[in-house]
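Geometric and topological summary
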Amino acid sequence: MSPAEHADLPVAARVRRFEERVIAAGLATEAGLDGFLDAFLRDAAPVNGARLVARAWTDPAFRERLLADGRAAAAELGIEAGYRLQVVENTAAVHNVIVCTLCSCYPVRLLGPSPSWYKSAAYRARVVREPRAVLAEFGLELPPGTEIAVWDSSSEARYLVLPRRPDGTAGAGEEALAGLVTREGLIGTAPV
Ligand code: FE
């Protein structure tokens, strides 16, 4: 989707009208809103999610805290998630994948701006009904016995997948491990 097409979306027009009213009411300025968004996005990148995963792989106590309260655990690493964060862990038995069926909710701070396919109507509808087929289209073929759990995000709760640590990485340090983690792995459309 091009920026021009995005600006034509009903939701974009509604946000723009809301911004204009907030500015007209003297509650914020155009520069203030731009500055807030710039600051939010400057620190928003998949490397944040990857750091959480690498720490969880190397520090069992941190992994426990991350699964119990993602937002608090992220804050330990200086990452302010900005919302309730539930981290869902892949195992041999269960593979997790995230979606927002309603719109496009996404842990932006941990993953950067979402890919366009995440916001597409096709992904949002199909990953719920036929997750195995959708993941196969991403090149992720799961064993028939692996259960797939689909997590539907909302404005209050965002999800992040904790992928399984790849085999053969026993000696790898935290930074090298973080380098293995992809944005798709954190969404659940790739193994790691
Ligand atoms: Fe949403």
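Residues numbered from 1 in each chain as written. Predicted model: local features only at pLDDT ≥ 70, side-chain atom pairs only at ≥ 80, totals over all residues. Heavy atoms only, no water.

**Some words on the coordination of the iron ion**
What counts here: Sites may look incomplete because water is not among the atoms; the donors themselves are N, O and S atoms within 2.8 Å of the metal, or within 3.2 Å for Na, K and Ca. Type-normalised accessible area, obtained with a 1.4 Å probe on protein chains alone, sets the label of each residue: buried when under 20%, exposed when over 50%, and partly exposed for intermediate values.
Distances from the iron ion to its protein donors, Cys100 (SG), Cys103 (SG), Ser104 (N), Cys105 (N) and Cys105 (SG), fall within 2.1 to 2.8 Å. Counting the intervening residues between successive donors of the iron ion yields the motif C-x2-C-S-C. The exposure class of Ser104 is partly exposed, given its relative accessible area of 30%.

**Description of the domain arrangement of the chain**
Just so we agree on the cut-off: Domain delimitation follows an automatic or database domain assignment.
Assigned domains of the chain: these are domain 1 (3-42) and domain 2 (46-187). Computed over C-alpha atoms, the centres of domain 1 and domain 2 are 28 Å apart.

**Topic: helix α2 (residues 10-24)**
Quick reminder of the rule: Only DSSP runs of H or I reaching four residues or more are called helices, and only runs of E reaching two or more are called strands; each is numbered from the N terminus. In a helix, the anticipated span is given by 1.5 Å times the number of residues less one.
The end-to-end C-alpha separation of α2 is 21 Å, in line with the 21 Å expected for 15 residues at 1.5 Å each. Following α2 by one or two positions, Gly26 has its phi on the positive side, about 80 degrees.

**Some details on the pattern of salt bridges**
Counted only if it meets this: Here a salt bridge means any side-chain nitrogen of Lys or Arg lying within 4 Å of a carboxyl oxygen belonging to Asp or Glu.
This model, assessed by the stated rule, comprises 12 salt bridges. The residue Arg63 makes a salt bridge to Glu89 at a minimum N-O spacing of 2.6 Å. Taken together, the positions of Arg63 in helix α5 (residues 60-68) and Glu89 in strand β1 (residues 84-89) put the pair 26 residues apart, joining distant regions of the chain. Accessibility expressed as a relative area gives 26% for Glu89, which makes it partly exposed. Ionic pairing is found between Arg126 and Glu130, a salt bridge with its closest N-O pair at 2.7 Å. On the basis of relative accessibility, which here comes to 23%, the residue Arg126 falls in the partly exposed class. By relative accessible area, which is 31% here, Glu130 ends up partly exposed. Where salt bridges share partners, they join Arg16, Glu19, Glu20 and Glu30 into one cluster.

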